Amino acid sequence: MDRLDGPPRLILVTDLDCTLVDHDDPENTDLLRFNALWEAHYRHDSLLVYSTGRSMRSYLSLRNKKPLLTPDIAITSVGSEIAYGGEESMVSDDVWVARMGEMWNREIVLEETSKFPELEPQPVKSQEEHKVSFFVGREHAVEIMKVLPGRLLERGVDVKLVYSNDYAFDVLPKGSGKGGALTYLLEKLESEGKQPCNILVCGDSGNDAELFNIPQAYGVMVSNSHKELLQWHEENAKDNPKIILASERCGAGMIEALQRFNLGPSVSPRDVLDTENFHVEVLDPAHEVVQFYLLYEKWRRGEVEKSDKYLQNLKSLSSPLGMFVHPSGVEKLIHEWIDDLDNLHGEEGKEKQFRVWLDRVSSSLISPETWIVKFDKHELSDGKVRSCSTRVLLSCQEEKEKLTWMHIQQSWLDGSCSDDQEKWIF
Ligand code: GLC
Ligand code: MG
């Protein structure tokens, strides 16, 4: 959370499965649309929070399968764990861990729940220190929910029960849950003088309901929401104008909410990419780099005609003297690398799966005319993701009213290697 100096303009809190991540879309279209929008227009002054029922391990394995951006905060195991920062520097919130331990005793929970034969334990990988999870049908769940908390309380254990998707039953410490964790985070931000201007919560199922109970928050139930969430809304929040049911699925529904609540830009750079006029209208370094890599993606996917004009336009964005230092160490003029792109136009759909997305875009003005933009660049090609850390020097020449690429430097990120380097350009 320390990444931002002041209060965040927006905190966007989203569930993953069937909210940000559409498991029915192997192309990840809306997730990639959301990513481009977030990096171009929100990353610099807003906070991205994932809130998932998955354990930390399971969340990290999803990140390996789907093009998910690095969040500022990850709330896992239905709000019972909170961690800050990206993978390489992830820090768990020990204050929260200690709070989860109050009036909680896993052994007693196991003992009391074992008295209900209908509760079928979820696999070991879904069990955590502060989360005991089962599978059970709705009718039984309703009955058990009436008696279990009382029995546990008699033994000094205060719990929260969460039922989701007509099968998942979680027993958690009382203060936990997605709502409990978010309330805690908001209090923490407030105590640091960083109260967010706006909050948007996004979800699709039972364990998300609590998020919609946060009084200050706007909320979007994506169009594919589970009926249990819609029913909860009907019974508890029907008259709250800050909560909407989107007309679009998953990530598209989230973008729709940004627009309907007027929370900031709501047009993804993926939706407006102008393949004729390459210059971004506003001088915005983050938007500039996002757009450049989308133009590159379009070429590699063969979504634009193979014409010299396109490459000339791409060249017009950079200085004729600008250098690109490839992660292998090879150094050439940016314009020479663009010439090499000629062979990599994805004609005949050969590169149909090719995708590029940027993560953690940050920029700083290092002189009145010069920006340094840093980001992680991920490229999916031939079914494999390769990643590198990138720095770009952009110069703003006022009379031209545009940003000019002066220098690009990349280095491989962990695990990415250089087996077919000739295909890695930019
Ligand atoms: C996720 C978790 C599961 C939990 C469910 C509902 O699917 O893996 O353990 O029961 O969310 O919260
Ligand atoms: Mg979900």
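So, a few notes on the structure that sits alongside this text. This structure is a prediction, so every number in the text was calculated from the model and none was measured.

Analysis parameters
- Starting from 1, residues in each chain are numbered consecutively following that chain's sequence as written.
- Naming scheme: in the order in which they are written, chains are lettered from A and ligands are numbered from 1.
- Given that the model is predicted, a residue must reach a pLDDT of at least 70 before its local features are reported, and side-chain atom pairs must reach 80 or more before they are shown or counted; all residues, however, enter totals for whole chains, interfaces and linings.
- Heavy atoms throughout the structure, all of them, feed into the side-chain values; hydrogens and water do not.
- When a residue's accessible area, from a 1.4 Å probe over protein chains only, is under 20% of the maximum for its type it is buried; when over 50% it is exposed; and in between it is partly exposed.
- In DSSP terms, a helix is any run of H or I states spanning at least four residues, a strand is any run of E spanning at least two, and both are numbered starting from the N terminus.
- Strands are labelled as partners when DSSP assigns at least two bridges between them.
- Donor criterion used throughout: N, O or S atom within 2.8 Å of the metal, extended to 3.2 Å for Na, K and Ca. Water excluded; incomplete-looking sites may result.
- Here, the term right-handed applies to a crossover whose path from the first strand over the helix to the second runs clockwise when the strands point away from the viewer.

Across the six residues of strand E10 (residues 198-203), five count as buried, placing the element largely inside the fold. Relative to E10, strand E1 (residues 10-14) runs parallel, the two being bridged by five bridges. If you follow Leu 10 over to E10, its bridge partner there is Asn 198.

Here the magnesium ion (ligand 2) is held by Asp 15 (OD), Asp 17 (O) and Asp 204 (OD), and the distances to it run 2.2 to 2.3 Å. In primary sequence terms, the donor set of the magnesium ion (ligand 2) follows D-x1-D-x186-D.

What follows concerns the pairing of strand E2 (residues 47-51). Counting buried residues along E2, five of its five residues qualify, which places the element largely inside the surrounding structure. Neither face of E2 is exposed, since Leu 47, Val 49 and Ser 51 on one face and Leu 48 and Tyr 50 on the opposite face are all buried. With four bridges connecting them, E1 and E2 associate as parallel partners. Bridge pairing links Leu 12 to Leu 48 in E2. Chirality of the crossover, the property in question, places the unit of E1, helix H1 (residues 29-41) and E2 among those that are right-handed.

Quick look at unusual backbone geometry now. Positive phi, normally seen in glycine, also occurs at Asp 166, with a value near 65 degrees. Note on placement: Asp 166 falls in the loop between strand E8 (159-164) and strand E9 (168-173). Exposure remark for Asp 166: the relative accessible area of 28% places this residue in the partly exposed category. Look at Asp 382: it is not a glycine, yet its phi comes out positive at around 50 degrees.

Fair warning: the whole summary comes from geometry, so function is off the table for now.
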